[in-house]
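# Summary of structural features
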Amino acid sequence: MHIKTARKVVLWSMILSVACAVIGLVFFEPGTVASLYVTFAAFGLMLVSVIVLFTACRCPWCNKRVTHGLMKAEYCPHCKKDFDTGLKYRKKKR
Ligand SMILES: [Zn+2]
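Thresholds, definitions, all that
- Residues numbered from 1 in each chain as written.
- Predicted model: local features only at pLDDT ≥ 70, side-chain atom pairs only at ≥ 80, totals over all residues.
- Helix = DSSP H or I, 4+ residues; strand = E, 2+ residues; numbered from the N terminus.
- Rg over C-alpha atoms; globule rule 2.2 N^0.38 Å.
- Buried ≥ 20, exposed ≤ 12 C-beta atoms within 10 Å, placed from the backbone.
- Contact = placed C-beta atoms within 7 Å.
- Axes fitted to C-alpha atoms, helices over the stretch in contact; angles between N-to-C directions.
- Parallel < 35°, antiparallel > 145°, perpendicular 65-115°, else oblique.
- Left-handed = near helix turned anticlockwise from the far one by under 90°.

Counting its regular elements, the protein chain contains two helices and zero strands. Relative to the 2.2 N^0.38 estimate, which gives 12 Å for 94 residues, the radius of gyration of the protein chain is 18 Å and therefore markedly larger than a compact globule would have. Dimensions of the protein chain, computed from the C-alpha atoms along their principal axes, are close to 60 × 30 × 15 Å. Looking at the 94 residues of the protein chain, the share that counts as buried comes to 14%. For the protein chain, the share of sequence-separated contacts (at least 6 apart) that also reach a separation of at least 24 residues comes to 39%.

Here you go:
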């Protein structure tokens, strides 16, 4: 999985997980079957995001894990290569 796909998966599974938790708290009585389902869904989605974060969020070039600043990183913090092109990142010249 490409890192940019992986981070979209992480982001959306986290959003959906929180959404499930909120929906469960707001719309369902605690202890009912429906609230149990949304709780499971929330935990499941959270688990998915954590698993994807730790398995798929790797640099395609040096294969090191990228977690810090993942959501906006355009290049690898370890080898400084662009995720798409593989070119060395350079600070923009003025
Ligand atoms: Zn790298």
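Now that the structure is up, let's keep going.
All right, on to the packing of helix α1 (residues 3-27) against helix α2 (residues 33-55) then. Packing of α1 against α2 brings their axes to within 8 Å, and their N-to-C directions diverge by 160°. Here α1 is positioned roughly antiparallel relative to α2, judged by the angle of their axes. Relative to α2, the crossing made by α1 is left-handed. Here Ala6, Val9, Val10, Ser13, Met14, Leu16, Ser17, Cys20, Ala21, Ile23 and Gly24 of α1 lie close against α2, whose contacting residues are Ser35, Val38, Thr39, Ala41, Ala42, Leu45, Met46, Val48, Ser49, Val52 and Leu53.

Before going further, it helps to examine the environment of phenylalanine 83. By the element assignment, phenylalanine 83 lies in the segment after α2. Of the residues examined, phenylalanine 83 has 18 C-beta atoms within 10 Å and is grouped as partly exposed. Residues phenylalanine 83 and asparagine 63, 20 residues apart in the sequence, show an inter-C-alpha distance of 11 Å. Ignoring anything within four residues of it in the chain, the contact list for phenylalanine 83 reads Ile3, Lys4, Pro60, Glu74, Tyr75 and Cys76.

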